[in-house]
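# Observations on chain architecture
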Amino acid sequence: MRSLMAMLRPKTADAGALYDAVIAEARRPAWYREGKVPDSLDGRFAVLATLTALVILRLEDGDEDCVRHSVALTESFIADMDAQMRQEGFGDPSIGKQVRSMVGALATRVDRWRNVRAADEGWLDATIFSVYKMDSPDDEGAVTFATESVKSFNEHLSGRPDRDVREGRIA
């Protein structure tokens, strides 16, 4: 009976490999060297949330399995943020508020990038907002690097087959 129930239960997507691939991209030193993103908790979060938002949008453009993976990717992001806050020493009463704030920041990025991708314009402003939190470095080359990197990441994702994206083959 147990196996029959398991067969009837809807399959849940596992976005572990995909989330690991997004983290690997967010950890690329070029974001922090050439892009001059602050190598801090806030800076690393901004890059991770930006890339996660773009991957969520790519998944939403895909088949039904991709859409399920967009939900699973969001859940992986939330679980990671919760774990990171606990590791940083936040206590239970404040973790929920912090994680909700981070999820809100991700949702804001998803909405912003959805509009940019639809119009295929506004990449510079969206990058400044999403990666630098409206406080871009004075180095125009760094901002150009980050903008082109975000745009290239998005284009690369768009060209990948659904299965590759779901399985984390995004590099």
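Each remark here, short or long, concerns the structure printed above.
In this text, all values refer to a predicted model and were calculated from it rather than measured experimentally.

### Description of the overall build of the chain
A count of helices and strands for the chain gives nine helices and zero strands. Scanning the chain from its N terminus toward the C terminus, one meets helices and strands in the order α-α-α-α-α-α-α-α-α. In terms of C-alpha radius of gyration, the chain reaches 17 Å, essentially the compact-globule figure of 16 Å for 171 residues. Dimensions of the chain along its principal axes, counting C-alpha atoms only, are 65 × 40 × 25 Å. Relative to its 171 residues, the chain shows a buried fraction of 40%. Within the chain, contacts between residues at least 6 apart in sequence are counted, and of these 64% link residues at least 24 apart. Put simply, the chain shows about 9600 Å² of open surface, and 51% of that area lies on carbon and sulfur atoms. The averaged location of the 29 negative side-chain charges in the chain is 5 Å from the averaged location of its 23 positive side-chain charges.

### A short note on the environment of Ile78
Structurally, Ile78 is set in helix α5 (residues 64-87). Classification of Ile78 as partly exposed rests on a relative accessible area of 31%. Counting along the chain gives 83 residues from Ile78 to Pro161, while the straight-line C-alpha distance between them is 26 Å. Discounting chain neighbours no more than four positions away, the residues touching Ile78 are Val99 and Val103.

### Topic: the packing of helix α7 (residues 123-132) against helix α8 (residues 140-159)
Helix packing geometry: the angle between the two helix axes and the distance between the axes. At a minimum axis distance of 9 Å, the contact between α7 and α8 shows a crossing angle of 100°. By the criterion of interaxial angle, the relationship of α7 to α8 is roughly perpendicular. Along its contact with α7, which presents Trp123, Leu124, Thr127, Ile128, Val131 and Tyr132, the element α8 presents Ala142, Val143, Ala146, Thr147, Val150, Lys151 and Asn154. When its residues are assigned to classes, the contact of α7 with α8 shows nine nonpolar, three polar and one charged.

### Comments concerning unusual backbone geometry
A positive phi angle, close to 55°, is found at Lys36, a residue other than glycine. Looking at the element boundaries, Lys36 is found in the loop between α3 (29-33) and α4 (41-60). Not every positive phi belongs to a glycine, and Asp120 is a case in point at roughly 50°.

### Notes on the environment of Asn154
Note on placement: Asn154 falls in helix α8. Each C-alpha atom, one on Asn154 and one on Asp42, is 22 Å from the other, the two residues being 112 residues apart in sequence.

### A short note on helix α2 (residues 16-26)
Those residues of α2 not exposed but buried are Leu18, Tyr19, Ala21, Val22, Ile23, Glu25 and Ala26. As for α2, its buried residues are in contact with α3, α4, α5, α8 and α9 (162-166).

The rules behind these values
Residues numbered from 1 in each chain as written. Predicted model: local features only at pLDDT ≥ 70, side-chain atom pairs only at ≥ 80, totals over all residues. Heavy atoms only, no water. Helix = DSSP H or I, 4+ residues; strand = E, 2+ residues; numbered from the N terminus. Rg over C-alpha atoms; globule rule 2.2 N^0.38 Å. Buried < 20%, exposed > 50% of the residue type's maximum accessible area, 1.4 Å probe, protein only. Contact = heavy atoms within 4.5 Å. Areas by Shrake-Rupley, 256 points an atom, 1.4 Å probe, with all protein chains shown as cover. Lys, Arg positive; Asp, Glu negative; His and termini not counted. Charge placed at Lys NZ, Arg CZ, Asp CG, Glu CD. Axes fitted to C-alpha atoms, helices over the stretch in contact; angles between N-to-C directions. Parallel < 35°, antiparallel > 145°, perpendicular 65-115°, else oblique. Nonpolar A, V, L, I, M, F, W, Y, C, P; charged D, E, K, R; others polar.

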